[in-house]
Structure formats: structure tokens, C-alpha cells
Amino acid sequence: MVSRTLTAARHGPVGVMLRVAAMATAAIGAAWIHRVNDPGVLCPLRAVTGVPCPLCGGTTVFIELGSGQPVRAVLANPVAFAGAIAIAFAPLGLGSRWWALRPGTRAWVLGTALVGSELWQLVRLGLLRV
């Protein structure tokens, strides 16, 4: 049964439903854990240096979604939010479009997204003023 479920998660609308269900379960669980016992800053770079990494806010995205706050989730880290959406909908063929891009194009897109995300985090956390 597990093998069939994992195979189904790779293809079509059933794959999207299974991925969204798994993400929703994880998001609700993370929101519950956060509400019961706030673990504080999870990012090791931010905990040690005070400077966020480009993926800082990724956990917060799921906590906010699990709490029913989609706007706050997007504001926590738009790149992580978009990545989660892309992973959820990859079984519909979006993943094949990504891999069809030239490696240099993929690297440029990822690099641009990470730089944009880092700037977003620096502004969001008050370390860079606009």
C-alpha cells in the first residue's frame, strides 16, 4: 500500500492531492507544536550571527498556513511559499518544464530567487532599511 501511495504521489491530480494533504498535515502539526511550545529561532545561521539565510521564514510559512493565515505565510518568505506550491503541483507536469530548462537558466532563476529572498529577509527582520 505504501508503495502504491508513493507511486501515485508522483503523477497527476492524485499526486497533487496526496502532496497537499501531507503538507497540510505537516503545517497543522507545526502550528500546533509552535502554539504549545515555541522553540524560538530554528535557523542556525540566524541563531549564531543574527543574520537570516535566504530560506529563513520557511518554517514560519508552514506554521502560518497551518494556523490559517495564508497572507502572513506569504509575507514570511514568498520564495519558500512559491517553492511549496511548485512542489505540490509538480505532478501535473510543472516539474518537467523546470527540468527542460537549460542548466544555466535554472541556476540563474534559483540564484535570483535566493538573492531576492535574502533581501526580503533582511528587510523583514529590520536589518536592511529600504
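Bear in mind the structure is a predicted one, so any value in this text is a computation, not a measurement.

**Remarks on the overall build of the protein**
Part 1 of the argument: Broken down by element type, the protein carries 8 helices and 0 strands.
Part 2 of the argument: Ordering the α and β elements of the protein from the N terminus gives α-α-α-α-α-α-α-α.
Part 3 of the argument: Expressed along its principal axes, the backbone C-alpha trace of the protein runs to roughly 45 × 45 × 25 Å.
Part 4 of the argument: Burial statistics for the protein: of 130 residues in total, 20% are counted as buried.
Part 5 of the argument: Roughly 8,800 Å² of accessible area belongs to the protein as shown, and the carbon and sulfur atoms make up 71% of that amount.

**Thoughts on the environment of A84**
Part 1 of the argument: Relative to the assigned elements, A84 resides in helix 6 (residues 78-89).
Part 2 of the argument: In this structure the C-alpha to C-alpha distance between A84 and V61, which are 23 residues apart in sequence, comes to 9.3 Å.
Part 3 of the argument: Not counting the four nearest positions on each side in its chain, A84 is found in contact with M23 and F62.

**Focus on the side chain of E64**
Part 1 of the argument: The residue E64 is located in helix 4 (residues 58-66) in this model.
Part 2 of the argument: Taking relative accessible area as the criterion, E64 reaches 12% and is therefore assigned buried.
Part 3 of the argument: A polar side-chain atom of E64 sits 3.4 Å from a polar atom in the side chain of R72.

**Observations regarding the domain arrangement of the protein**
Part 1 of the argument: We note that the domain assignment places domain 1 (1-37) and domain 2 (50-129) within the protein.
Part 2 of the argument: Taking only C-alpha atoms into account, the centre of domain 1 sits 19 Å from that of domain 2.
Part 3 of the argument: Counting residues at the interface gives 16 residues for domain 1 and 12 residues for domain 2.
Part 4 of the argument: Summing both partners gives a buried area of about 1,000 Å² for domain 1 against domain 2, and 77% of it is carried by carbon and sulfur.
Part 5 of the argument: When residues of domain 1 are sorted by the area they lose upon contact with domain 2, V16, R19 and M23 head the list and together hold 45% of the total.
Part 6 of the argument: The interface formed by domain 1 and domain 2 includes 0 salt bridges.

Thresholds applied
- Residues numbered from 1 in each chain as written.
- Predicted model: local features only at pLDDT ≥ 70, side-chain atom pairs only at ≥ 80, totals over all residues.
- Heavy atoms only, no water.
- Helix = DSSP H or I, 4+ residues; strand = E, 2+ residues; numbered from the N terminus.
- Buried < 20%, exposed > 50% of the residue type's maximum accessible area, 1.4 Å probe, protein only.
- Areas by Shrake-Rupley, 256 points an atom, 1.4 Å probe, with all protein chains shown as cover.
- Contact = heavy atoms within 4.5 Å.
- Polar contact = N/O pair within 3.5 Å; in protein donor to acceptor, adjacent residues only side chain to side chain.
- Domains from an automatic or database assignment.
- Buried area = accessible area lost by both parts, 1.4 Å probe.
- Salt bridge = Lys/Arg side-chain N within 4 Å of Asp/Glu carboxyl O.

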